[in-house]
Amino acid sequence: MNNPENDRLVTSNLAEVCYLLENHHRLTGAELVMGNMGAEEMLFTLEGENILVSRRLFMGDTRVRLSKIPATLDTISDFLWKQVEEAEL
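Just so you know, these numbers come straight off a predicted model, no measurement behind them. (Residues numbered from 1 in each chain as written. Predicted model: local features only at pLDDT ≥ 70, side-chain atom pairs only at ≥ 80, totals over all residues. Heavy atoms only, no water.)

Draft legend 1. The arrangement of the overall build of the chain in detail. When its secondary structure is counted, the chain shows 3 helices and 3 strands. Along the chain, helices and strands appear, N-terminal first, in the series β-α-β-β-α-α. Projected onto its principal axes, the C-alpha positions of the chain cover 40 × 35 × 30 Å. Looking at the chain residue by residue over its 89 residues, the buried ones come to 29%. A separation of at least 24 residues holds for 70% of the contacts in the chain among residues at least 6 apart in sequence. Taken as a whole, the chain presents about 6400 Å² of accessible surface, with 54% of it coming from carbon and sulfur. A gap of 9 Å separates the mean positions of the 8 positive and 15 negative side-chain charges of the chain. (Helix = DSSP H or I, 4+ residues; strand = E, 2+ residues; numbered from the N terminus. Buried < 20%, exposed > 50% of the residue type's maximum accessible area, 1.4 Å probe, protein only. Contact = heavy atoms within 4.5 Å. Areas by Shrake-Rupley, 256 points an atom, 1.4 Å probe, with all protein chains shown as cover. Lys, Arg positive; Asp, Glu negative; His and termini not counted. Charge placed at Lys NZ, Arg CZ, Asp CG, Glu CD.)

As structure tokens, then:
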């Protein structure tokens, strides 16, 4: 039986978000929260089958894919615009 908690994670690591999106997971949430030292940070929720396996693979892969960051930022921007549009309805 599949546990939905195993198919969702939250991270503030942009490189990890990039890696997970590249590996067919989807962005399902983004929110600002108060972090350490009183600074806000963006938390991203991602979902997808076996996402925790993908996270472990990311942790073991030290290459940073800087060339993929612009596409990741576009995905985040599109997601945030959809949230704003839905809130205005």
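Draft legend 2. Geometry of the pattern of salt bridges. Applying the stated criterion across every chain yields a total of 3 salt bridges. Of the charged contacts, one joins Arg-55 and Glu-16 as a salt bridge, the two residues approaching to 2.6 Å between their closest N and O atoms. One end of the pair, Arg-55, is in helix α2 (residues 51–60); the other, Glu-16, is in helix α1 (residues 14–22), with 39 residues separating them in the sequence. The class for Arg-55 is partly exposed, based on a relative accessible area of 24%. Between Glu-47 and Arg-26 there is a salt bridge, with the nearest N and O atoms lying 3.8 Å from each other. (Salt bridge = Lys/Arg side-chain N within 4 Å of Asp/Glu carboxyl O.)

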